[in-house]
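Chain by chain, the residues:
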Amino acid sequence: MRLTTLACLALVAACTETSDGPDLTGLWRVTSHTENTTGCTPGAAVTDPPYIQFTRETLFGQEYFQWAPCTAPGTCETTSLFDLSYAKAIPGGYEAQIYVASGDATACSLGATVSTAIVADDGSLTIETRINTKDSITGTACTTDEAKAALDAGQLACAGLEVMTAVRN
């Protein structure tokens, strides 16, 4: 829940042109999906969604890719501003970043979600999402800038890993 509350920070945190990488738009059939909600080791198999669809969006002049889950082709759920927004070009794909901070200098919780969507040479897509957190921090201003700095410094523990692979439908 904390991630969806401040997810629009992903657009601010990842402000690069989307023209630097592969085109993610279109319908993809999910071939494997795992999720671990307690750590960053491979998780249990997940059956939903069977399809995902990427669209190219623009907000305040910033282009980004956003995906929606689909129960079948043509039945995709509407995405919202509060979903991961892949705007930062990385080798082979794009990255979405969300940084959150909750509390104050006496009890702060920091979080970071970093997700990559990478297209392999064979055309398959892998989306890897890591959730990192640290709670009960004192003596900090408790800001999203501090969450990013803590992630960059390796101070946030990995609290979740989701990996999805897909092929164009």
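Thresholds, definitions, all that
Residues numbered from 1 in each chain as written. Predicted model: local features only at pLDDT ≥ 70, side-chain atom pairs only at ≥ 80, totals over all residues. Heavy atoms only, no water. Helix = DSSP H or I, 4+ residues; strand = E, 2+ residues; numbered from the N terminus. Buried < 20%, exposed > 50% of the residue type's maximum accessible area, 1.4 Å probe, protein only. Contact = heavy atoms within 4.5 Å. Areas by Shrake-Rupley, 256 points an atom, 1.4 Å probe, with all protein chains shown as cover. Pairing = 2+ DSSP bridges. Core = buried A, V, L, I, M, F, W, Y, C linked by side-chain atoms within 4.5 Å. Disulfide = S-S within 2.5 Å. Salt bridge = Lys/Arg side-chain N within 4 Å of Asp/Glu carboxyl O.

Draft legend 1. Summary view of the overall build of the chain. Assigned secondary structure in the chain consists of 3 helices and 9 strands. Each helix and strand of the chain, placed in order from N terminus to C terminus, yields the pattern α-α-β-β-β-β-β-β-β-β-α-β. Expressed as a percentage of the 169 residues in the chain, the buried residues total 36%. Long-range pairs, those at least 24 residues apart, make up 62% of the contacts in the chain between residues at least 6 apart in sequence. Element-wise, carbon and sulfur atoms account for 54% of the exposed surface of the chain, whose accessible area totals about 8,500 Å².

Draft legend 2. Broad picture of the pairing of strand S7 (residues 107–119). Counted residue by residue, S7 has 10 buried out of 13 residues, so it is predominantly covered. Relative to S7, strand S6 (residues 93–104) runs antiparallel, the two being bridged by 12 bridges. In the strand pairing of S7, Ser102 is matched with Ser109. Between the antiparallel neighbours S6 and S7 lie 2 residues. Alignment of S7 against strand S8 (residues 125–137), held across 11 bridges, turns out to be antiparallel. When the sheet's bridge partners are listed, Val114 is paired in S8 with Arg130. Hairpin geometry of S7 and S8 is characterised by an intervening segment of 5 residues between the two adjacent antiparallel strands and by a positive phi of about 90° at Gly123.

Draft legend 3. The nonpolar core, seen in detail. The biggest cluster of nonpolar side chains holds 18 residues, and the ones touching the most others in it are Ile52, Phe54, Tyr86, Leu125 and Ile127. Counting only elements with at least two residues in this core, the list comes to strand S1 (26–36), strand S3 (51–59), strand S4 (62–70), S6, S8 and strand S9 (157–168). Examining the composition of this core, we find that 4 residues originate from one element, S6, more than from any other. Setting aside residues up to four positions removed in sequence, Phe54 forms contacts with Leu24, Thr25, Gly26, Trp28, Phe65, Gln66, Trp67, Tyr86, Ala117, Leu125 and Ile127.

Draft legend 4. Expanded view of the state of the cysteines. All told, the structure shown has 3 disulfides when counted by the stated rule. Note that Cys70 is cross-linked by a disulfide to Cys76, the S-S spacing being 2.0 Å. Taking the sign of the S-S torsion, about 95° here, the bridge from Cys70 to Cys76 comes out right-handed. Accessibility expressed as a relative area gives 1% for Cys70, which makes it buried. When the cysteines engaged in disulfides are numbered in sequence order, the chain pairs them as 1-6, 2-3, 4-5.

Draft legend 5. How the structure looks around the pattern of salt bridges. Counting across every chain of the model gives 4 salt bridges. The partner of Glu128 in a salt bridge is Arg130, with the nearest N and O atoms 3.2 Å apart. Judged by relative accessible area, Glu128 falls into the partly exposed class, the value being 29%.

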